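# Summary of the model geometry
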Amino acid sequence: MRRLPGDSGSAGIPARIRQEGAARRRLERPTHTNGGGEARQAEVAKLTLTQKVAKLARVCTKGSKVMPTSGFFVRRAWLPIAAACCLHPVSTPAATPEIGAWGFDVAGKQPAVRPGDDFFRYSGGGWLDRETLPADQTRWGTFDKLADRASVDTRRIIEDLAADPGVEGTPQRKVGDFYRAFMDTAAIDAGGLAPAQPVLDEIRRLSSHADVGRLMYRPDVPVNAPIVGSVSIDQKNPDRYAVVVTHAGLGLPEREFYLRDDAQFREIRDQYRAHVARLLELGGVVRGLEATGAAQRILALETEIARRHWPVAQRRERERTYNLTSRAQLLEMTRGFPMAEALESASFGKVREFVVREADAMAPLAALFQQTPVATWREYLAYHYLRSNASVLPQSLDDEVFAFYGRQLNGQPEQRPRWKRAVDAVNGTLGEAVGQVYVERHFSPEAKAQMAALVENLRKAYAQRIRSLPWMTEETKQVALEKLASFRPKIGYPERWRDYSRLEVSAKDAFGNARRASDFEWQRDLARLDKPTDRD
């Protein structure tokens, strides 16, 4: 079991809606944010590269997972590849800064625009006018460019390791083997659906709701579910990990895609239904009119799940989404859903306490689970299993998933090159093994020392500003200074690298590598339970 991109709760925008002025709006979103809308995006757009790196350093200390440009430092609160990229000239003396010696992109401005009329265009209009949105991207900004550049450097490392595999079982060998398997599309196509068939057969044999719940929570089977659980840092007790239970189960980005009756959303639902039918056919699950009927039932089921989801704004309320719950209470609020069997399947059988996010949605979703025929759940699970594994199944399935999720839903004209996707796949699985070599080649000790000095200067400046604030009481200043002193900058790379010795990787089994990687991450999360938070 794992959360799917469509279940993230982020508000999506239909591709047709976004196509009006798409290039301009996407270029005006220069970096990923953790909420805050256009005002914050505009604010970040005006930062210099060095300021952005410093901003990232501050974000890193929050322990959040908002580092989509972090390359090999996936799921870790380390300063991302962006930092290594901007400091690359340290290890390459001949290079010159792209935006001037003092770090301000003067050419990015548009002086012809009066600041009082449109400050965003005044400060960044030059950059917007000279940049173009690549055909394989849905957004483009400074951090996206840095990530793209870092991908090229990372590719060289990975392909070097693939060309010279080295000793069996070493992290470097696993990096090379994982990449080679993912890139070997001829072998993937030749294997057909055989790698996925055992689980598809298991899905066909499901005969009870308890069977469905068990399979939904298996860590080696990436499917969807209306109620999911995962290991995360406890929001109100950051010194420990907790099992967080939340609603999920949607194939479209969020509930409004199912519930709004605007023409654009109706069109997206029609496209989604057609896509589901095609993927079920390509996966050999059903054929012809049966596939059309199955797709309609899946869409109807997901629509009912969406009706029971909280609105996006409600899910942002911190107090309402934190409900510390005992095992007995969880079983009671999810009557109708085989929670006891599901928890056992996920190896959560001994967990006694859970954090439930959308507490009053659990009972309606559990009731819906029980009311829905097992046959419909089989169709639903088969679709989501194929969708989740499409990148390591024959190209016809991979192309179909991109055609809907990339081109139709997000307005992306072209699929990203296979090598870029392979780099991302390696980074997501063996990121720190790649990171060790990346640091050796591109992030010198001198660069790390410079960044440490930059961050320390920021800390001192913050302290001075806090002490001089006229509106803050002395008591509040003291608390703020204590919080500032607890700031733990993490720059470039960890002090202790990850151990990948238990991850099995084969140069000839892309599908199996993905399955084993999913289970490896799950087991890592399980091992964190009942232990203090790993702050390193």
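Located above this text is the structure these notes cover.
Residues numbered from 1 in each chain as written. Predicted model: local features only at pLDDT ≥ 70, side-chain atom pairs only at ≥ 80, totals over all residues. Heavy atoms only, no water.

## Remarks on the overall build of the protein
Quick note on the threshold: The way it works is that DSSP assigns letters per residue, a run of H or I at least four long becomes a helix, a run of E at least two long becomes a strand, and they are numbered from the N terminus. Only protein chains enter the accessibility calculation, which uses a 1.4 Å probe; a residue is then buried when its area is under 20% of its type maximum, exposed when over 50%, and partly exposed in between. The protein chains shown are the only cover counted for residues, whose accessible areas, like all others here, come from Shrake-Rupley with a 1.4 Å probe.
Scanning the protein for helices and strands turns up 24 helices and 4 strands. Residue burial in the protein is summarised as follows: out of 536 residues, 49% are buried. Here the protein has roughly 25100 Å² of accessible surface; of this, 51% comes from carbon and sulfur atoms.

## Some remarks on the packing of helix H8 (residues 171-183) against helix H21 (residues 418-442)
The cut-off we apply is this: The angle between two axes is taken between their N-to-C directions and runs from 0 to 180 degrees, where each axis is a line fitted to C-alpha atoms and a helix contributes only its stretch in contact. Throughout, the term roughly parallel applies to angles under 35 degrees, roughly antiparallel to angles over 145, roughly perpendicular to angles from 65 to 115, and oblique to all others. In this scheme the crossing of two helices becomes right-handed for a clockwise turn of the near helix relative to the far one and left-handed for an anticlockwise turn of less than a right angle. We call two residues in contact when some of their heavy atoms are within 4.5 Å. Under the grouping applied here, Gly and all other residues not named as nonpolar or charged are polar, the nonpolar ones being Ala, Val, Leu, Ile, Met, Phe, Trp, Tyr, Cys and Pro and the charged ones Asp, Glu, Lys and Arg.
Running from amino to carboxyl end, H8 crosses H21 at an angle of 160°, the nearest separation of the two axes being 9 Å. When the interaxial angle is binned, H8 and H21 end up roughly antiparallel. Crossing angle aside, the handedness with which H8 passes H21 is right-handed. Facing H8, whose interface residues are Pro171, Lys174, Val175, Phe178, Tyr179, Phe182 and Met183, H21 presents Arg418, Trp419, Arg421, Ala422, Val423, Ala425, Val426, Thr429, Leu430, Ala433 and Val434. When the residues that make up the contact of H8 with H21 are grouped by side-chain class, the tally is 14 nonpolar, 1 polar and 3 charged.

## Some remarks on the pairing of strand E4 (residues 353-356)
Regular strands place their side chains on alternate faces of the sheet. What counts, and what does not: Strands were regarded as paired on the criterion that DSSP finds at least two bridges between them.
Bridge count between strand E2 (residues 237-247) and E4: 3 bridges; the pairing is parallel. Its bridge partner being in E4, valine 244 is matched across the sheet by valine 355. In the sheet, strand E3 (residues 323-326) pairs with E4 via 4 bridges, with the strands oriented antiparallel. Bridge pairing in E4 places serine 326 opposite glutamate 353.

## Some remarks on the side chain of lysine 174
The line we're drawing: The positive count covers Lys and Arg only, the negative count covers Asp and Glu only, and His and the chain ends enter neither. A pair is scored as a salt bridge if a Lys or Arg side-chain nitrogen falls within 4 Å of a carboxyl oxygen belonging to Asp or Glu. N or O atoms closer than or at 3.5 Å make up a polar contact, with two conditions inside protein: a donor-capable atom paired with an acceptor-capable one, and, for residues adjacent in sequence, both atoms drawn from side chains.
Its place among the elements puts lysine 174 in helix H8. Although lysine 174 is buried, it makes no salt bridge; aspartate 499 carries the closest opposite charge, 6.8 Å away. In this structure the side chain of lysine 174 is engaged in a polar contact, spanning 3.3 Å, whose partner is the backbone oxygen of serine 501. Setting aside its immediate chain neighbours within four residues, lysine 174 contacts Gly169, Leu430, Tyr500, Ser501, Arg502, Leu503 and Val505.

## Concerning helix H11 (residues 209-216)
The element H11 is extensively covered by neighbouring structure, given that 6 of its 8 residues are classed as buried. Looking at H11, one finds that the buried residues are His209, Ala210, Val212, Gly213, Leu215 and Met216. Of the surrounding elements, those touching the buried residues of H11 are helix H10 (197-205), helix H17 (339-345), helix H18 (359-371) and helix H19 (374-388).

## A closer look at the pairing of strand E1 (residues 227-234)
Here E1 pairs with E2 via 8 bridges, running antiparallel. Across the sheet, the residue bridging to isoleucine 227 is histidine 247, located in E2. Between E1 and E2, which pair antiparallel and follow one another directly, the connecting turn spans 2 residues.

## Some thoughts on the pattern of salt bridges
All told, the structure shown has 40 salt bridges when counted by the stated rule. A salt bridge links arginine 297 to glutamate 379; the nearest nitrogen and oxygen atoms lie 2.8 Å apart. Taken together, the positions of arginine 297 in helix H14 (residues 288-307) and glutamate 379 in helix H19 put the pair 82 residues apart, joining distant regions of the chain. Glutamate 358 is paired through a salt bridge with arginine 357; the nearest N and O atoms lie 3.7 Å apart.

## A few points about the environment of glutamine 371
For glutamine 371, the position within the fold is in helix H18. For the pair glutamine 371 and glycine 336, spaced 35 residues apart in sequence, the C-alpha separation works out to 8.5 Å.

## Notes on helix H22 (residues 445-468)
Selection rule: In this scheme, a helix's expected span is set at 1.5 Å multiplied by one less than its residue total.
Here H22 spans 35 Å end to end across 24 residues, near enough to the 34 Å set by a 1.5 Å rise per residue. The set of residues buried in H22 consists of Ala447, Lys448, Met451, Val455, Arg459, Ala463 and Ile466.

## Considerations on the sheet that holds E2
Read from one edge to the other, the open sheet built from 4 strands follows the order E1-E2-E4-E3, with strand pairing classed as mixed. Edge strands, defined here as strands with exactly one partner in the open sheet, are E1 and E3. Pairs of neighbouring strands in the sheet enclose a mean axial angle of 35°, with direction left out of account. Sheet strands touched by H18: E1, E2, E3 and E4. Its angle to E2, the strand with the most contacts, is close to 35°.

## Considering the environment of leucine 324
Within the element layout of this structure, leucine 324 appears in strand E3. When the C-alpha positions of leucine 324 and glutamate 353 are compared, they lie 7.1 Å apart, and in sequence the two are 29 residues distant. Contacts of leucine 324, omitting those with residues within four sequence positions, involve Arg240, Gln329, Glu353, Phe354 and Val355.

## Here's the deal with the packing of aromatic side chains
Going by this rule: Pairing of aromatic rings covers Phe, Tyr and the six-membered ring of Trp, with a centre-to-centre limit of 6.5 Å; geometry is then stacked below 30 degrees between planes, edge-to-face above 60, and tilted otherwise.
In total, this model carries 14 aromatic pairs according to the counting rule given. Each ring, one from tyrosine 217 and one from phenylalanine 337, has its centre 6.0 Å from the other, and the planes form 55°; the classification is tilted. With tyrosine 217 in the loop between H11 and E1 and phenylalanine 337 in the loop between helix H16 (327-333) and H17, this residue pair connects regions lying 120 residues apart in the sequence. Judged by its relative accessible area of 1%, tyrosine 217 is buried. Taken together, a centroid distance of 5.5 Å and an interplanar angle of 35° make the contact between tyrosine 272 and phenylalanine 404 tilted. One end of the pair, tyrosine 272, is in helix H13 (residues 263-282); the other, phenylalanine 404, is in helix H20 (residues 395-410), with 132 residues separating them in the sequence.

## A word on the nonpolar core
Here is the rule: Definition used in this section: a nonpolar core is a set of buried Ala, Val, Leu, Ile, Met, Phe, Trp, Tyr and Cys residues joined via side-chain atoms within 4.5 Å.
Met216, Tyr272, Phe337, Phe348, Leu381 and Tyr385 are the most contacted members of the largest nonpolar core, which has 103 residues in total. Element by element, the count of residues in this core is highest for H21, at 10 residues. Residues within four places of phenylalanine 348 in sequence aside, it is in contact with Gly229, Val231, Val243, Arg327, Leu343, Trp522, Leu526 and Leu529. Counting 8 residues, the second largest nonpolar core, distinct from the first, contains Val439, Ala447, Ile491 and Tyr493.

## A look at the side chain of histidine 309
Among the structural elements, histidine 309 can be located in the loop between H14 and helix H15 (312-315). Here histidine 247 takes part through its side chain, which lies 3.5 Å from a polar atom of the side chain of histidine 309. A distance of 2.8 Å separates a polar side-chain atom of histidine 309 from the backbone oxygen of alanine 248.

## Observations concerning unusual backbone geometry
Here the phi dihedral of serine 347 falls at roughly 65°; this positive angle occurs in a residue that is not glycine. Among the structural elements, serine 347 can be located in the loop between H17 and E4. On the basis of relative accessible area, serine 347 is assigned to the partly exposed category, the value being 43%. Phi at aspartate 530 is positive, roughly 65°, even though this residue is not glycine. Tracing the sequence through the fold places aspartate 530 in the segment after helix H24 (510-528).

That is the geometry; function is a separate question.
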